[in-house]
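Listed below, chain by chain, are the residues.
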Number of protein chains: 2
Amino acid sequence: MAHKQEVSRAVIQRLPRYHRYLYELRLEGVQRISSQELAERMGLTASQIRQDFNSFGGFGQQGYGYNVQKLLEELSTILGLHGDRTAVLIGVGNLGRALLNNFNFKASGFQLLCSFDIRPELTGQTIGGYTVRNVQELPAFVAHHRPDIAVLTLPRAQVTTLAHELVRQGIRGLWNFTGEDLHLEGLDVPVENVHLSDSLMTLCHLVTQNARRLAGSPS
Amino acid sequence: MAHKQEVSRAVIQRLPRYHRYLYELRLEGVQRISSQELAERMGLTASQIRQDFNSFGGFGQQGYGYNVQKLLEELSTILGLHGDRTAVLIGVGNLGRALLNNFNFKASGFQLLCSFDIRPELTGQTIGGYTVRNVQELPAFVAHHRPDIAVLTLPRAQVTTLAHELVRQGIRGLWNFTGEDLHLEGLDVPVENVHLSDSLMTLCHLVTQNARRLAGSPS
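Starting from 1, residues in each chain are numbered consecutively following that chain's sequence as written. Working convention: letters from A go to chains and numbers from 1 go to ligands, in the order in which they are written. Note on the predicted model: pLDDT of at least 70 is required for a residue's local features to be given, and 80 or more for side-chain atom pairs to be given and counted; whole-chain, interface and lining totals, by contrast, use all residues. Just so you know, side-chain values use all the structure's heavy atoms and leave hydrogens and water out.

1. Concerning the confidence of the model for chain A
All names here are of chain A.
Alright, step 1. Confidence of the predictor in every single residue is expressed as pLDDT, which spans 0 to 100. Chain-level statistics for chain A give a pLDDT mean of 90 and a share of 93% at 70 or above.
Alright, step 2. What makes two residues a contact is simply this: any of their non-hydrogen atoms within 4.5 Å. Scored below 50 in pLDDT, residues 1-5 makes twelve contacts in the model with residues more than four places away or belonging to other chains.
Alright, step 3. Scoring the predicted complex yields pTM 0.85 and, for the interface, ipTM 0.90.

2. A word on the pattern of salt bridges
Alright, step 1. What counts as a salt bridge is simple: a side-chain nitrogen of Lys or Arg found within 4 Å of a carboxyl oxygen of Asp or Glu. The final tally for this structure, using the stated rule, is 22 salt bridges over all chains.
Alright, step 2. The salt bridge involving R133 of chain A is made with E137 of chain A; its shortest N-O contact spans 3.6 Å.
Alright, step 3. Between R213 of chain A and D188 of chain B there is a salt bridge; the shortest N-O distance is 2.9 Å. Of this pair, R213 of chain A sits in helix α8 (residues 196-216) while D188 of chain B sits in the loop between β8 (173-176) and β9 (191-193), on two different chains.
Alright, step 4. Residue R213 of chain A is classed as partly exposed on the basis of its relative accessible area of 45%.
Alright, step 5. Put simply, R20 of chain A together with D181 and D198 of chain B are held in one network by salt bridges that share partners. Numbered from the N terminus, helices here are DSSP runs of H or I no shorter than four residues, and strands are runs of E no shorter than two. Three labels apply to residues, based on accessible area from a 1.4 Å probe with only protein chains included: buried if under 20% of the type maximum, exposed if over 50%, partly exposed otherwise in between.

3. A short note on the interface of chain B and chain A
Alright, step 1. Contacts between chain B and chain A engage 62 residues on the former and 62 residues on the latter.
Alright, step 2. Residue R20 of chain B pairs with D198 of chain A through a salt bridge whose shortest N-O separation is 2.6 Å.
Alright, step 3. Pairs of N or O atoms are called polar contacts if they sit within 3.5 Å, as long as, within protein, a hydrogen donor faces a hydrogen acceptor (for residues adjacent in sequence, only side-chain-to-side-chain pairs). Counting across the chain B and chain A interface gives 22 residue pairs in polar contact (both at pLDDT 80 or more).
Alright, step 4. Secondary structure elements with two or more residues in the side of chain B that touches chain A: α1 (9-27), α4 (68-79), α5 (94-102), β8, β9 and α8 (196-216) of chain B.
Alright, step 5. In the scheme used here, Gly and all other residues not listed as nonpolar or charged are polar, with Ala, Val, Leu, Ile, Met, Phe, Trp, Tyr, Cys and Pro taken as nonpolar and Asp, Glu, Lys and Arg as charged. Among the residues forming the side of chain B that touches chain A, the class breakdown is 28 nonpolar, 19 polar and 15 charged.

4. Some thoughts on the state of the cysteines
Alright, step 1. In what follows, a disulfide is any cysteine sulfur pair within 2.5 Å. Across all of its chains, the model carries zero disulfides over all chains by this definition.
Alright, step 2. Counting only cysteine sulfurs, C114 of chain A is the nearest neighbor of C204 of chain B, a cysteine outside any disulfide, at a range of 19 Å.
Alright, step 3. We classify C204 of chain B as buried; its relative accessible area is 0%.

5. What about the relation of the copies chain B and chain A?
The operation relating the pair of chain copies consists of a rotation about an axis and a translation along that axis.
Alright, step 1. Superposing chain B onto chain A takes a rotation of 180 degrees plus a shift of 0.0 Å along the axis, which leaves an RMSD of 0.0 Å. The superposition of one copy onto the other is thereby described by a two-fold rotation axis.
Alright, step 2. The residues that chain B uses at the interface reappear at the interface of chain A in 100% of cases, marking a shared surface. We place the copies in one frame by least squares, fitting the C-alpha atoms of every residue whose pLDDT is at least 70 in both.

6. Re the sheet that holds strand β3 (residues 85-90) of chain B
Alright, step 1. In this description, strands pair whenever DSSP reports at least two bridges between them. One open sheet holds the seven strands; their spatial order is β5-β6-β4-β3-β7-β8-β9 (chain B), and the pairing between them is mixed. The open sheet has two free edges, formed respectively by β5 (126-127) and β9 of chain B, since each of these has just one partner strand.
Alright, step 2. Bridge analysis of β8 of chain B against β9 of chain B gives three bridges, and the strand direction is parallel. The residue of β9 of chain B that forms the bridge with W175 of chain B is E192 of chain B.
Alright, step 3. A fitted line through C-alpha atoms represents every axis, and for helices the fit uses only the stretch in contact; the resulting angles, taken between N-to-C directions, go from 0 to 180 degrees. With respect to the sheet, α8 of chain A is in contact with β3, β4 (110-117), β7 (149-152), β8 and β9 of chain B, its orientation differing from that of β8 of chain B by roughly 165 degrees.

This is the structure we're talking about:
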């Protein structure tokens, strides 16, 4: 399938969600789904879904729906999930540990190679099945093993300097949990800044809206 | 300011991001910003920004830009950040600990009251300044203190049953980290499902796209 060149960021950010829903559908044994049914499940419109999929060349036949398995494979290819990309994690605090112990990197397209921390007492430990190395070894490790991305779970204060060093050393993407908004677009290195506060503020808004509606409605 | 009744979910989800950028601008001492400048910073279009703000009644004057401080206050009000909402956290594993130790709940509109865990050895400990209670005390605590939301950092297997119990007990929102997609819309209880894998898959796509482009370009 030929992919059109420029796909908007908004569409790209919906792809993992499509992947997630289709993965669940396959687990449920569903073989075929219409854009209408998928839209209802996902809280989107059918025309939105058709438009998104068309931007990648389209996967469905009019009036016949989508083959779940095939669509899932296409999405995996577009997302690059079978690309054997590699990652290192930097900063083995609570969040680092949570990811090392519980997060399925493989399912998101990455093999995690190891983790790094500045504290000597952690060096050589195994957490979540991954060796902790001292951060002093990081440059040599990156030069030798060429990991694609770094997962940044270290304190915010150190992250901007480190990010630029990593990019100089050849890192090709950053998954950034530090709260600092990293922008390396000029360097052509994509960054995913995770802002958990955005999600909690959204919830605050929705809860507040409900409370206001209840307060304003006749009892 | 009168808010229009129905604002789309997409707009609502952009509000925390506006809030975050305006907060940074205020820290930098910027007092006024045009929709064009804000758009460039945020990677949006100026017309998108004007449209979003108009859906709440509009905050700017044509050709004059936005007052950063005033816009930030309006956004805080809309988001309900000053509403003294309360939260409890359930599940003091690595992720729970990471949030208890490092996450600024207050900045997202919530006072965290305490945490709960099933393991008796944690009962009575203080983590991140918050008391850990035994999960057996949860129903009585919810009945007495009426927290607005629950932060779900417990294992996935237990979450659907617990979520419904919490809603019966009066919880008005869920911040769900378990990976299970909770849908309680019929109950009018908003849920923010945090899917970290969506963000990592997006990064996988962007890194893969860059690699494909480099591979395809003349050397």
